[in-house]
Amino acid sequence: MATKTAKPRSRSLVSAAAAAALALLLSLSLSPSPAASAAPSPAASAAPSLAPQGGLRLHGQAPYPFNVPIAASSSDRIFLSAQTSNGVAVVDPFGARLLGVVPLGAKLPETLSALYRGQAIVHGSGFSPDRRTVAAVCVGSDAVAFLDATGAEGHAVLSVTSVGRSPHEASWSPSGDEVWIAVRGENLIQILDGRRPFAPLGEVRVPEGPGMVAFSPDGRLAFVCSSFTPETVVVDAATREVVASIEQASAFCPNLAVTPDGEQVRFLLPSPPPPP
């Protein structure tokens with residue numbers, strides 16, 4: 001049966017990815033509890049209590065299908081990796097307010113101590129397909145922390161998995177069976193089990209400095225851009241073999257996205273220099 005997947009082509013595929021393609025939006029419908037709606041204490045640093053009292057209406061990770069309207073409400077939540085505070089910030093986009101931070105580590109200069117054991121440079125992030133787990137990529141401590149996204153466990157850290165040097169982004173396969181980690185400090189993608197305890201399953205060798213993995217909607221292909229090499233490779237997700245290559249217009253591509261219809265791969269690239 002024919003399927004629509006992005007076809008490896010020339011530079012004509014390259015375009016700037018919308019910033020929204022990287023946002024993580026967890027939409028919790030129905031009425032939250034009064035405690036969840038109350039303004040948090042400014043001094044609070046523990047994980048915020050945001051568990052909904054009813055069912056979930058979860059939007060997940062952009063890009064969304066073109067025909068699905070998304071209206072922000074006070075029960076929506078955005079999870080942001082907070083690199084300077086080494087935690088994951090939880091934001092109410094409707095009220096434009098910070099609800100709290102799930103702490104994963106300490107701030108400078110404590111992170112420079114030889115005895116420091118927390119996470120460092122919490123930078124990239126990704127959502128599981130069932131919208132219940134957030135993966136926070138810790139660049140400086142070479143690890144990925146998995147957090148409860150629903151609030152049912154108080155946004156607790158479920159597990160931490162050590163990976164290769166300087167990981168950048170985490171991408172779940174559409175089935176949720178695997179999490180592919182772009183290990184930008186090396187030339188590999190590290191593959192983890194998509195379920196707790198998120199153990200390593202294998203790896204794929206790619207050009208130096210992989211920035212991010214984006215899957216085709218059917219999960220058969222994985223597109224891997226590079227932050228150091230002007231080349232994006234296409235990986236057969238089942239065999240974990242590189243099957244094609246796409247030229248990047250720049251050697252620096254930190255992020256990419258596949259459109260929901262599977263027809264295009266869009267790259268985030270630096271702005272071209274102005275004409276002379």
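Residues numbered from 1 in each chain as written. Predicted model: local features only at pLDDT ≥ 70, side-chain atom pairs only at ≥ 80, totals over all residues. Heavy atoms only, no water.

**Quick notes on the pattern of salt bridges**
Counted according to the given criterion, the structure contains five salt bridges. Glu178 is the partner of Arg240 in a salt bridge, and the nearest nitrogen-oxygen pair spans 2.9 Å. Of this pair, Arg240 sits in the loop between β16 (231–236) and β17 (241–247) while Glu178 sits in strand β11 (residues 178–183), and the two are 62 residues apart along the sequence. Residue classification places Arg240 among the partly exposed residues on the basis of a relative accessible area of 26%. Owing to a relative accessible area of 18%, Glu178 belongs among the buried residues under this scheme. Note that Asp193 is salt-bridged to Arg195, the shortest N-O span being 3.7 Å. Three or more residues are tied together by salt bridges with common partners; here these are Asp177, Asp193 and Arg195. (Salt bridge = Lys/Arg side-chain N within 4 Å of Asp/Glu carboxyl O. Helix = DSSP H or I, 4+ residues; strand = E, 2+ residues; numbered from the N terminus. Buried < 20%, exposed > 50% of the residue type's maximum accessible area, 1.4 Å probe, protein only.)

**Overview of the nonpolar core**
If you look at the biggest cluster of nonpolar residues, it comprises 14 residues, and the most contacted ones within it are Phe79, Val88, Leu104, Val134, Ala136 and Leu147. Going through the elements one at a time, β4 (87–92), β5 (97–103), β6 (122–127), β7 (133–138) and β8 (143–148) are the ones with two or more residues in this core. Examining the composition of this core, we find that three residues originate from one element, β7, more than from any other. (Core = buried A, V, L, I, M, F, W, Y, C linked by side-chain atoms within 4.5 Å.)

**What about the pairing of β17?**
For β16 and β17, the ladder comprises six bridges, and the chain directions are antiparallel. Of the residues in β17, the one forming a bridge with Asp236 is Glu241. In this antiparallel pair of consecutive strands, β16 and β17, the connection spans four residues, and Arg240 shows a positive phi of 60 degrees. (Pairing = 2+ DSSP bridges.)

**Things to note about the pairing of β6**
Burial runs high along β6: five of the six residues are buried. Where β6 lies against β7, five bridges are found, and the strand directions are antiparallel. By the bridge assignment, Gly126 is partnered in β7 with Ala135. Connecting β6 to the antiparallel partner β7 that follows it, the hairpin turn spans five residues, and Arg131 within it adopts a positive phi of roughly 65 degrees.

**Section: the packing of aromatic side chains**
The final tally for this structure, using the stated rule, is four aromatic pairs. Relative to Trp172, the ring of Phe146 lies with its centre 5.9 Å away and its plane at 80 degrees, an arrangement referred to as edge-to-face. On the criterion of sequence distance, the pair formed by Phe146 in strand β8 and Trp172 in strand β10 (residues 167–172) is long-range, its members being 26 residues apart. For Phe146, a relative accessible area of 0% gives the class buried. (Phe/Tyr/Trp six-rings, centres within 6.5 Å; stacked < 30°, edge-to-face > 60°.)

**Examining the sheet that holds strand β14 (residues 210–215)**
Read across the open sheet, the four strands follow the order β14-β15-β16-β17; overall the sheet is antiparallel. Only two strands of the sheet have a single partner each, and these edge strands are β14 and β17. The mean inter-strand angle of the sheet, taken between neighbouring strand axes irrespective of direction, is 25 degrees. (Axes fitted to C-alpha atoms, helices over the stretch in contact; angles between N-to-C directions.)

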